[in-house]
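Remarks on the overall topology
Spelled out, the chains give:
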Amino acid sequence: MRTLIISDIHANLTALNAVLADAEPYDRVWCLGDVVGYGPDPNECIERVKSLPGLKCVKGNHDAAIIGDIDINSFNLEARASLQWLESELKPANRRWLSNLGERLEFRDITIVHGSPSNPVWEYIMDRKAAKKNMSEFSTKVCLVGHTHVPQIYEFQADTSGEIRHRQPALDETFQINHKSIINPGSVGQPRDHDPRSSYLIYNSDDESWVYHRVEYDITKVQDRILAAGLPQRHASRLKSGW
Ligand code: ZN
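To start, this report covers the structure provided alongside it.

1. Side note on the pattern of salt bridges
Per the stated rule, a full pass over the model turns up 14 salt bridges. K132 is the salt-bridge partner of E163, the closest N and O atoms lying 3.7 Å from each other. On the criterion of sequence distance, the pair formed by E163 in strand 8 (residues 163–167) and K132 in helix 6 (residues 128–134) is long-range, its members being 31 residues apart. Overall, K132 belongs to the partly exposed group, its relative accessible area being 41%. Here D193 and R214 are joined by a salt bridge, their closest N and O atoms 2.8 Å apart. On the criterion of sequence distance, the pair formed by D193 in the loop between strand 10 (181–184) and strand 11 (198–204) and R214 in strand 12 (residues 209–215) is long-range, its members being 21 residues apart. Judged by relative accessible area, which is 23%, D193 ranks as partly exposed. For R214, a relative accessible area of 11% gives the class buried. Through salt bridges that share partners, D193, D195, R197 and R214 make up one connected network.

Written out as structure tokens, the structure reads:
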């Protein structure tokens, strides 16, 4: 069974559609939150995600803010501006769908959260220190996280005094996970590793293999919609640089 793993779509429908087309065939989808925020297509992205097969989805910090779980003032100025815009755009049914998302899901050998297992909505796992602290916060073999918008793998090395190995994944190369690990698929709608292409991860449960992919999408189209909606200019410009 092939699982498509996506995160941080951030209301970018063009990127989402590019990923969904590139990733085929897949049997089910795991989504690690922040379906909305920053981008111009919040309703369209929620409606597309809702329709995906075998969907499991958790809530991100932007999703939590728009339903009132998090104070909007804890966001920076530009993120706040897009949340205020979203406030007037979001359809009631889509707001309800976001409200019903959990912060943490566990099934079989997998835990999924947006930020980290110890602080599912807010904490960033950016380095080995944060990864090490979080290894004891989940009991499954793998914890999937998003939030940083950077694809990365942190592996717990039980045989070498509990050190954490950090790997930057190679693209289009299947790999195995042999140790307890925290894995980030990167971002669909707003990559922040200086590669503007959408990032996603495939897990094949038949042979327990994983593979990262990147796909190009029409960035200019999305930038035009961001500016037409009156959203902050930086949300548009950063898509080109992947940062
Ligand atoms: Zn995000």
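The discussion continues.
2. Digging into helix 4 (residues 77–89)
Spanning 13 residues, helix 4 covers 19 Å between terminal C-alpha atoms, matching the ideal 18 Å at 1.5 Å per step. Residues of helix 4 that are buried include every one of A79, S82, L83, W85 and L86, and no others. One side of helix 4 carries all its buried residues, which in axial view fall inside an arc of 160°. In helix 4, those exposed residues whose orientation departs by more than 90 degrees from the buried face are L77 and S88. Tucked inside the fold, the buried residues of helix 4 contact helix 2 (42–50), helix 3 (61–66) and helix 8 (233–241). Its side-chain oxygen at 3.1 Å from the backbone nitrogen of E78, N76 defines the N-terminal cap of helix 4.

Parameters and conventions
Residues numbered from 1 in each chain as written. Predicted model: local features only at pLDDT ≥ 70, side-chain atom pairs only at ≥ 80, totals over all residues. Heavy atoms only, no water. Salt bridge = Lys/Arg side-chain N within 4 Å of Asp/Glu carboxyl O. Helix = DSSP H or I, 4+ residues; strand = E, 2+ residues; numbered from the N terminus. Buried < 20%, exposed > 50% of the residue type's maximum accessible area, 1.4 Å probe, protein only. Expected span 1.5 Å × (residues − 1). Arc of directions from axis to C-beta. Contact = heavy atoms within 4.5 Å. Polar contact = N/O pair within 3.5 Å; in protein donor to acceptor, adjacent residues only side chain to side chain.

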